Amino acid sequence: ADGDVVKTFIELDLKEFDSDRPDISTSEQMIEKDVFDACYFGNNESRVTQELVTKCHNVCRSRLCCFDSYKLESSCRATVGEDECELYSLCEQLINADGDVVK
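Rules used in this analysis
Residues numbered from 1 in each chain as written. Predicted model: local features only at pLDDT ≥ 70, side-chain atom pairs only at ≥ 80, totals over all residues. Heavy atoms only, no water. Buried < 20%, exposed > 50% of the residue type's maximum accessible area, 1.4 Å probe, protein only. Helix = DSSP H or I, 4+ residues; strand = E, 2+ residues; numbered from the N terminus. Arc of directions from axis to C-beta. Core = buried A, V, L, I, M, F, W, Y, C linked by side-chain atoms within 4.5 Å. Contact = heavy atoms within 4.5 Å. Phe/Tyr/Trp six-rings, centres within 6.5 Å; stacked < 30°, edge-to-face > 60°. Salt bridge = Lys/Arg side-chain N within 4 Å of Asp/Glu carboxyl O. Disulfide = S-S within 2.5 Å. Axes fitted to C-alpha atoms, helices over the stretch in contact; angles between N-to-C directions. Parallel < 35°, antiparallel > 145°, perpendicular 65-115°, else oblique. Left-handed = near helix turned anticlockwise from the far one by under 90°. Nonpolar A, V, L, I, M, F, W, Y, C, P; charged D, E, K, R; others polar. Expected span 1.5 Å × (residues − 1).

Student: Any chance you could explain helix α3 (residues 50-60) here in plain terms?
Tutor: Along an α-helix, residues three or four positions apart point the same way, because every turn accommodates 3.6 residues. When we look at burial in α3, the residues that qualify are Leu-52, Val-53, Cys-56, His-57 and Cys-60. For α3, the angular spread of buried residues about the axis comes to 135°, placing them on one side. Seen from the buried face of α3, the exposed residues on the opposite side, beyond 90 degrees, are Gln-50 and Glu-51.

What follows is the structure, encoded as structure tokens:
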């Protein structure tokens, strides 16, 4: 199973962080990579540890307001922009069905 995660990561790595992509800046690539590294667990829920949740929180804290499901703050999507919010798309998994943040 670990091989699948590594294979998936490599495929995503090649697709997501391809330096030839003209539409994404280096700083955006770094944000996307930081979010991915901190929050990605694929389909393997056993990788969801308190450490992963904490790291994901640290990276996502400033952009949880991007998600409509987040009830503790009004949406900042219009302010920071769609592109910025998309970089943090994995962060949405921190928000539970009640609109609160998983701790």
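Student: Would you mind showing me how to read the nonpolar core here?
Tutor: Among soluble globular proteins, nonpolar side chains are generally buried collectively. Judged by nonpolar contacts, the single largest core of 19 residues is most densely connected at Cys-39, Cys-60, Leu-64, Cys-91 and Leu-94. Within the residue set of this core, elements represented by two or more residues are α2 (26-39), α3 and α5 (82-87). Excluding residues within four positions of it along the chain, Leu-94 makes contact with Val-53, Cys-56, His-57, Cys-60, Leu-64, Asp-100, Val-101 and Val-102.

Student: Looking at this structure, I do not really get the packing of aromatic side chains. What am I missing?
Tutor: Two aromatic rings are characterised by how far apart their centres lie and by the angle between their planes. Evaluated as defined, the whole model comprises one aromatic pair. Taking 4.5 Å as the distance between ring centres and 15° as the angle between the ring planes, the aromatic pair formed by Phe-36 and Tyr-40 counts as stacked. One exposure class covers both Phe-36 and Tyr-40, and it is buried.

Student: Quick question: what am I supposed to make of the pattern of salt bridges here?
Tutor: Working definition: two side chains of opposite charge can pair if their charged atoms are close together. On inspection of all chains with the given rule, the structure shows five salt bridges. Three or more residues are tied together by salt bridges with common partners; here these are Arg-77, Glu-82 and Glu-86.

Student: Please explain the state of the cysteines as it appears in this structure.
Tutor: Throughout the structure, instances matching the rule amount to four disulfides. Each sulfur in the disulfide pair Cys-66 and Cys-85 lies 2.0 Å from the other. Between Cys-66 and Cys-85, the S-S torsion sits near -75°, and that sign places the bridge as left-handed. Placement of Cys-66 in the loop between α3 and α4 (77-80) and of Cys-85 in helix α5 is noted, with a sequence separation of 19 residues between them. The exposure class assigned to Cys-85 is buried, which follows from its relative accessible area of 0%. The connectivity of the disulfide bonds within the protein can be written as 1-2, 3-8, 4-6, 5-7, using the sequence rank of each bonded cysteine.

Student: Is there a simple way to think about the packing of α2 against α3 in this case?
Tutor: A pair of packed helices is characterised by two quantities: the angle between their axes and the separation of those axes. Interhelical geometry of α2 versus α3 gives an angle of 160° and a closest axis separation of 8 Å. Taken together, α2 and α3 sit at an angle that is classed as roughly antiparallel. Handedness of the α2/α3 crossing: left-handed. Across the interface between the two elements, Asp-34, Val-35, Ala-38 and Cys-39 from α2 touch Leu-52, Lys-55, Cys-56, Val-59 and Cys-60 from α3. Per-class residue counts for the contact of α2 with α3 are seven nonpolar, no polar and two charged.

Student: Quick question: what am I supposed to make of α2 here?
Tutor: The end-to-end C-alpha distance of α2, which contains 14 residues, comes to 20 Å, matching closely the 20 Å that a straight helix rising 1.5 Å per residue would cover. Along α2, the residues that are buried comprise Gln-29, Glu-32, Val-35, Phe-36, Ala-38 and Cys-39.

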